[in-house]
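Geometric and topological summary
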Amino acid sequence: MDDHEAMEEVRGGPVETVLDVPAFESASDTASRPKPKRAMSFGSLDAGRGVSDDQKDQKAYDALVQCQELHMKKILEELDHGAKESCWIWYIFPTEKAGYCDFDGTRITKKNAVELCNNESTASDWRKCLEKICDLLEAQDKRPPDHVLPRID
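Residues numbered from 1 in each chain as written. Predicted model: local features only at pLDDT ≥ 70, side-chain atom pairs only at ≥ 80, totals over all residues. Heavy atoms only, no water.

Under the counting rule described, the total for this entry stands at one aromatic pair. Arranged with centres 5.9 Å apart and planes meeting at 85°, the rings of Trp90 and Tyr91 form a pair that is edge-to-face. Like Tyr91, Trp90 is buried. Lys84 extends its terminal NZ or CZ atom over the ring of Trp88, reaching a point 5.4 Å from the ring centre. (Phe/Tyr/Trp six-rings, centres within 6.5 Å; stacked < 30°, edge-to-face > 60°. Buried < 20%, exposed > 50% of the residue type's maximum accessible area, 1.4 Å probe, protein only. Lys NZ or Arg CZ within 6 Å of the ring centre and 35° of its normal.)

See below:
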């Protein structure tokens, strides 16, 4: 029995937590890429080892693009059901800081933000996700947005 099954048994039903992401696999878990050490996702192991800030920024940007390519279709399918249910917000609303539960350490910089917006492999589906979120929020009329996006996001 794995940890997830054990938690379900203890709680008597399905477990949904910030770290439990059943609908999405981490890009670092895919067979096409070697799995980085978790700490490296946040850059702590890179400190003082001759890795430039530009290299760290590029690694984080590349991870973001890979995660968008991997997850965007699933995100759109989830939004078609009317609300965000799993952990992916940092792929759709990237910031200059990696998300706490984003084990791929994805983030953007002011230097590469425009490049992300124009990325041929992700821009179209990314736009669809953003538009779908807007449509869902507008359809909520005057209700709080947490019916579409959880408050934590």
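Picking up where we left off.
In a regular helix each residue adds 1.5 Å, so 28 residues correspond to 40 Å; helix α3 (residues 53-80) covers 38 Å between its end C-alpha atoms and thus fits that length. Where α3 ends, the next residue or the one after it, Gly82, has phi of about 105°, a positive value. (Helix = DSSP H or I, 4+ residues; strand = E, 2+ residues; numbered from the N terminus. Expected span 1.5 Å × (residues − 1).)

Judged by nonpolar contacts, the single largest core of 23 residues is most densely connected at Ile75, Leu79, Trp88, Tyr91, Ile92, Leu116 and Cys129. Looking at this core, the elements that each hand over two or more residues are α3, α4 (89-92) and α6 (123-139). Here this core gets eight residues from one element, more than from any other, and that element is α3. In contact with Leu116, not counting residues within four places along its chain, are Tyr61, Leu64, Val65, Gln68, Pro94, Ile108, Thr122 and Trp126. (Core = buried A, V, L, I, M, F, W, Y, C linked by side-chain atoms within 4.5 Å. Contact = heavy atoms within 4.5 Å.)

This part takes up the side chain of Asp125. Secondary-structure assignment places Asp125 in helix α6. You can call Asp125 buried: its relative accessible area is 14%. Residues within four places of Asp125 in sequence aside, it is in contact with Met72, Lys73 and Leu76.

What follows is about the confidence of the model for the protein. On average, residues of the protein carry a pLDDT of 76, and 67% of them reach 70 or more. Confidence, read as mean pLDDT per element, is least for helix α2 (residues 38-41) in the protein (40) and greatest for α3 (95). Every residue in residues 15-23 is under pLDDT 50, and counting partners more than four places away or in other chains gives 16 contacts. Below a pLDDT of 50 lies the segment residues 33-48, which in the model reaches 26 contacts outside its immediate sequence neighbourhood of four places, other chains included. (pLDDT = per-residue confidence, 0-100.)

For the rest of this paragraph, the subject is the packing of α3 against α6. The N-to-C vectors of α3 and α6 enclose an angle of 25°; their axes lie 10 Å apart at closest approach. On the basis of the axis angle, α3 is roughly parallel to α6. Judged by the sense of rotation from one axis to the other, the crossing of α3 with α6 is left-handed. For the pair α3 and α6, contact is made by Gln68, Met72, Lys73, Ile75, Leu76, Leu79 and Asp80 and by Asp125, Trp126, Lys128, Cys129, Lys132, Ile133 and Leu136, respectively. Considered class by class, the residues forming the contact of α3 with α6 number eight nonpolar, one polar and five charged. (Axes fitted to C-alpha atoms, helices over the stretch in contact; angles between N-to-C directions. Parallel < 35°, antiparallel > 145°, perpendicular 65-115°, else oblique. Left-handed = near helix turned anticlockwise from the far one by under 90°. Nonpolar A, V, L, I, M, F, W, Y, C, P; charged D, E, K, R; others polar.)

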